[in-house]
Amino acid sequence: NAGVTQTPKFQVLKTGQSMTLQCAQDMNHNSMYWYRQDPGMGLRLIYYSASEGTTDKGEVPNGYNVSRLNKREFSLRLESAAPSQTSVYFCASSTGLRGNTEAFFGQGTRLTVV
Amino acid sequence: SQQGEEDPQALSIQEGENATMNCSYKTSINNLQWYRQNSGRGLVHLILIRSNEREKHSGRLRVTLDTSKKSSSLLITASRAADTASYFCATGARYSTLTFGKGTMLLVSP
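In this numbering scheme, every chain counts its residues from 1 along its sequence in written order. To read the labels, note that chains go from A and ligands from 1, taken in the order they are written. Given that the model is predicted, a residue must reach a pLDDT of at least 70 before its local features are reported, and side-chain atom pairs must reach 80 or more before they are shown or counted; all residues, however, enter totals for whole chains, interfaces and linings. Just so you know, side-chain values use all the structure's heavy atoms and leave hydrogens and water out.

A.B. asks: Even after reading the chapter, I still don't get the sheet that holds strand β1 (residues 4-7) of chain A, so can you show me in this structure?
C.D. replies: Residues and elements named next belong to chain A. Pairing in this open sheet of 4 strands is antiparallel, and the strands run β1-β3-β8-β7 from one edge to the other. Among the strands making up the open sheet, the edge pair consists of β1 and β7 (64-68). Across the sheet, the axes of successive neighbouring strands diverge by a mean angle of 15°, strand direction being ignored. At least two bridges found by DSSP between two strands is the condition for calling them paired. Helix and strand labels come from DSSP, where a helix needs a run of H or I of at least four residues and a strand needs a run of E of at least two; each type is numbered from the N terminus. Note that β1 and strand β3 (residues 19-25) share 4 bridges and pair antiparallel. The partner of V4 across the bridge, within β3, is Q25. Here an angle of 0 to 180 degrees is reported between the N-to-C directions of two axes, which are lines fitted to C-alpha atoms, with helices fitted over the stretch in contact.

Rendered as structure tokens:
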């Protein structure tokens, strides 16, 4: 089983460039999430989608947009990348939204903005 | 803001020893989960404990939850070098999504 698949694994952007991080899950989960992980900060929620057709802001949404394309796919877009967005990005999915079921994570996208 | 805070931030032990990590949180929860992250990889779920449970076991893992103290502990018995990783607690509550702490880095030396 593939689980949660993220692409790309690595990316270097110049300040001001845009890009979209892709995420797909094959577990028929309703909820999907985007987190960023910075040294010493743990994981912080950027956006989440409780179900197909809905998206909501998390703790650190500024500078990002998301699209829940269908039940399987949840993309994260950086419209104008900034060095502060250098981070490791993780997509996750789960059956439930409130942490009452385990979450499955992708392998991460390591993004560097120069 | 983050709900859970793990303690210690880093832990170094020898193979065969037990490792104990603690997690404290601020508001009422419905459940608490523990995850492991190997270097450069995604998080992997270890165990989920609900607010009406006090202790749960899974293999060499033992998790306790004390809702009166708003704290949880993860015990790994007979540690192995392969247990070297970062460990995160994550809380779930009625009106919030899964919220992670900053993690404990565990180093198990052969």
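A.B. asks: What exactly am I supposed to notice about the interface of chain A and chain B here?
C.D. replies: Where interface size is quoted, it is often the accessible area lost as the parts come together. Residue contacts are defined here by distance: any two heavy atoms, one from each residue, within 4.5 Å place the two residues in contact. Opposite the 23 residues of chain A that make contact, chain B presents 24 residues. Buried surface at the junction of chain A and chain B, both sides included, amounts to about 1,800 Å², of which 50% is carbon and sulfur. Salt bridges are identified by distance alone: a Lys or Arg side-chain nitrogen within 4 Å of an Asp or Glu carboxyl oxygen. Here chain A is connected to chain B by 0 salt bridges. Contacts described as polar in this section are N or O atom pairs within 3.5 Å, which, within protein, must combine one atom able to donate a hydrogen with one able to accept it, while residues neighboring in sequence count only if both atoms come from side chains. Between chain A and chain B we count 6 residue pairs in polar contact (both at pLDDT 80 or more) in total. Contributing elements (two or more residues each) for the side of chain A that touches chain B: β4 (31-38) and β5 (42-49) of chain A. Counting residues per element, the side of chain A that touches chain B draws most heavily on β5(A), at 5 residues. Three categories are distinguished: nonpolar for Ala, Val, Leu, Ile, Met, Phe, Trp, Tyr, Cys and Pro, charged for Asp, Glu, Lys and Arg, and polar for the others, with Gly belonging to the last. For the side of chain A that touches chain B, the residue count by class is 10 nonpolar, 8 polar and 5 charged. Put simply, buried area is the surface a 1.4 Å probe can reach on two separate parts but cannot reach once they are joined, added for both.

A.B. asks: For this particular structure, what's the right way to read the environment of A:W34?
C.D. replies: Residue and element names in this part refer to chain A. Within the fold, W34 resides in strand β4. Only protein chains enter the area calculation, which uses a 1.4 Å probe; residues under 20% of their type maximum are buried, those over 50% are exposed, and those in between are partly exposed. Given a relative accessible area of 0%, W34 falls into the buried group. Residues W34 and A50, spaced 16 residues apart in sequence, show a C-alpha to C-alpha distance of 12 Å. In this structure the side chain of W34 is engaged in a polar contact, spanning 3.2 Å, whose partner is the backbone oxygen of F74.

A.B. asks: I'm lost on the state of the cysteines in this one. Help?
C.D. replies: Here a disulfide denotes a covalent bond joining the sulfur atom of one cysteine to the sulfur atom of another. Residues and elements named next belong to chain B. Two cysteine sulfurs form a disulfide in these notes if their separation is within 2.5 Å. Under the criterion given, the structure shown has 2 disulfides over all chains. C23 shares a disulfide with C89; S-S distance 2.0 Å. Taking the torsion about the S-S bond as the criterion, the C23 to C89 disulfide, at about 65°, is right-handed. Linking C23 in strand β3 (residues 19-24) with C89 in strand β9 (residues 85-93), this pair joins segments that are 66 residues apart in sequence.

A.B. asks: Even after reading the chapter, I still don't get the sheet that holds strand β1 (residues 5-7) of chain B, so can you show me in this structure?
C.D. replies: One key point about sheets: their strands pair by backbone hydrogen bonds, in either a parallel or an antiparallel sense. All names here are of chain B. Here 5 strands make up an open sheet; going across it, the order is β1-β3-β8-β7-β6 and the pairing antiparallel. Both outer strands of the open sheet, β1 and β6 (55-58), are each paired with one neighbouring strand and no more. On average, adjacent strands in this sheet sit at an angle of 20° to one another, irrespective of strand direction.

A.B. asks: Teacher, can you tell me more about the nonpolar core here?
C.D. replies: What tends to happen in soluble globular proteins is that the nonpolar side chains get buried as a cluster. Residues enter a nonpolar core if they are buried and are Ala, Val, Leu, Ile, Met, Phe, Trp, Tyr or Cys, with the set joined through side-chain atoms within 4.5 Å. Among the nonpolar cores identified, the biggest contains 21 residues, and B:L32, B:W34, B:L74, B:I76, B:Y87 and B:L106 are the most heavily contacted of them. Among the elements of the structure, β3, β4 (31-37), β5 (43-50), β7 (61-66), β8 (71-76), β9 and β11 (104-109) of chain B are those that each provide at least two residues to this core. Leave out the neighbours within four places in its chain, and B:Y87 touches B:E6, B:M21, B:Y35, B:R36, B:L46, B:L74, B:I76, B:G103, B:T104 and B:L106. Grouped together as the second largest cluster of nonpolar side chains are 20 residues, A:L13, A:Y47, A:Y64 and A:A81 included.

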